[in-house]
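# Structural overview
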Amino acid sequence: MISDHVEQYLESLRPKREGLVKEMEVYAIENNVPIMEQTSLAVMLQLLSFKKPDRILEIGAAIGYSAIRMAELLPDTTIITVERDETRYREAVANIEKAGYSERITILYGDAFELADELKRFGPYQALFIDAAKGQYKRFFDEFFDVVEEQGIVLSDNILFRGMVAEEEIQEKRFRSMVKKLRHYNEFLMSHPDLNTTIYPVGDGLAVSQRLNS
């Protein structure tokens, strides 16, 4: 994972973000809203710019930040996203409308598993972005992988979780179960016969998995 001083250096090189995007970043910091770290976001956005997916399924909208950043970069892409926290869902709806992307970003309110059939009806997808409850990543993958087209990509954020997945012993008991599940998920991705996966040690860890042809 990138050290703080290297991350600060990289941030100094990036084009300055303004307007709504910057407002959302400040809001996220002030209100402890988990949005994607900038380095891992930059990697993901570049990969998506190469892929140019027609449709992206995002699991975990939060306040709509990453969906807006994807829509901003990919003018021909439709994004379907879901958020189960009502307050964040309402904030995401407002932000998406303010950004002018309501026609290209569809956000559903509720639990992704309960809304699975509806989310799948928007597919197939060329990209699946998982950025929700980390202890549920394997379940999200199992539920939605079938609607990812061959040569499509699965992007999983936060899979290193503060470096804890690499520690022999997790000191904080409240994280032990989740870290164990993340380790299992990472091993699952790396050994899956239908995937080509690379784990990037950027941000809080980003796994990029390409679905191979059958």
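None of these values were measured; they are calculated from a predicted model.

With 36 residues, the main nonpolar core has Ile59, Leu119, Phe141, Phe144 and Tyr185 as its most contacted residues. Those elements that place two or more of their residues in this core are strand 1 (55-59), strand 2 (78-83), helix 6 (116-121), strand 4 (125-130), helix 7 (137-144), strand 5 (148-157) and helix 8 (173-191). Examining the composition of this core, we find that seven residues originate from one element, helix 8, more than from any other. If you look at the next biggest cluster of nonpolar residues, it comprises 33 residues, including Leu41, Met70, Ile79 and Ile153.

This structure, assessed with the given rule, holds seven aromatic pairs. Ring geometry for Tyr185 against Phe188: centres 6.5 Å apart, planes inclined by 25 degrees, an arrangement best described as stacked. One end of the pair is Tyr185 and the other is Phe188, both in helix 8 and three residues apart, which spans about a single turn. An identical accessibility class is assigned to Tyr185 and Phe188; each is buried. Ring-pair connections join several aromatic residues into one group, and the members of that group are Tyr137, Phe141, Phe145, Tyr185 and Phe188.

With that settled, consider the packing of helix 3 (residues 38-51) against helix 4 (residues 65-73). Contact geometry for helix 3 and helix 4: axes closest at 10 Å, N-to-C directions at 40 degrees. Overall, the two elements helix 3 and helix 4 adopt an arrangement that is oblique. The handedness of the crossing between helix 3 and helix 4 is right-handed. Here Gln38, Leu41, Met44, Leu45, Leu48 and Ser49 of helix 3 lie close against helix 4, whose contacting residues are Tyr65, Arg69, Met70 and Leu73. For the contact of helix 3 with helix 4, the per-class residue count stands at seven nonpolar, two polar and one charged.

Let's shift gears to a negative patch on the surface. Taken together, the side chains of Asp54, Asp76, Glu149, Glu150 and Asp194 define an acidic patch exposed on the protein surface. Here Asp76 lies in the loop between helix 4 and strand 2. Among the residues examined, Asp76 registers a relative accessible area of 72% and is labelled exposed.

Contact geometry of helix 2 (residues 19-30) with helix 4 gives a least axis separation of 11 Å together with a crossing angle of 155 degrees. In terms of axis orientation, helix 2 runs roughly antiparallel to helix 4. For the element pair helix 2 and helix 4, the recorded crossing hand is left-handed. Of the residues in helix 4, those touching helix 2 at Leu20, Val21, Met24 and Glu25 are Tyr65, Ile68, Arg69 and Glu72.

Positionally, Arg69 belongs in helix 4. Apart from residues no more than four positions distant in its own chain, Arg69 is found in contact with Arg17, Val21, Glu25, Gln38, Leu41 and Leu45.

Attention shifts here to the sheet that holds strand 4. If you trace the seven strands from one edge of the open sheet to the other, you get 3-2-1-4-5-7-6, paired in mixed fashion. The sheet is open, and its two borders are formed by strand 3 (105-109) and strand 6 (195-200), each paired with just one other strand. Looking at each pair of strands side by side, their axes are set apart by 15 degrees on average, direction ignored. Here strand 1 runs beside strand 2; their pairing, made up of five bridges, is parallel. Each residue of the ladder has a partner; that of Ile59, found in strand 2, is Val82. Of the strands in this sheet, strand 1, strand 4, strand 5 and strand 7 (206-211) touch helix 3, which is tilted by about 170 degrees from strand 5. Contacts from helix 8 reach strand 4, strand 5, strand 6 and strand 7 within the one sheet, and its direction differs from that of strand 6 by about 135 degrees.

Cut-offs and rules
- Residues numbered from 1 in each chain as written.
- Predicted model: local features only at pLDDT ≥ 70, side-chain atom pairs only at ≥ 80, totals over all residues.
- Heavy atoms only, no water.
- Core = buried A, V, L, I, M, F, W, Y, C linked by side-chain atoms within 4.5 Å.
- Buried < 20%, exposed > 50% of the residue type's maximum accessible area, 1.4 Å probe, protein only.
- Helix = DSSP H or I, 4+ residues; strand = E, 2+ residues; numbered from the N terminus.
- Phe/Tyr/Trp six-rings, centres within 6.5 Å; stacked < 30°, edge-to-face > 60°.
- Axes fitted to C-alpha atoms, helices over the stretch in contact; angles between N-to-C directions.
- Parallel < 35°, antiparallel > 145°, perpendicular 65-115°, else oblique.
- Left-handed = near helix turned anticlockwise from the far one by under 90°.
- Contact = heavy atoms within 4.5 Å.
- Nonpolar A, V, L, I, M, F, W, Y, C, P; charged D, E, K, R; others polar.
- Patch = residues over 30% accessible without salt bridge, like charges linked within 9 Å, V, L, I, M, F, W, Y side chains within 5 Å.
- Areas by Shrake-Rupley, 256 points an atom, 1.4 Å probe, with all protein chains shown as cover.
- Salt bridge = Lys/Arg side-chain N within 4 Å of Asp/Glu carboxyl O.
- Lys, Arg positive; Asp, Glu negative; His and termini not counted.
- Charge placed at Lys NZ, Arg CZ, Asp CG, Glu CD.
- Pairing = 2+ DSSP bridges.

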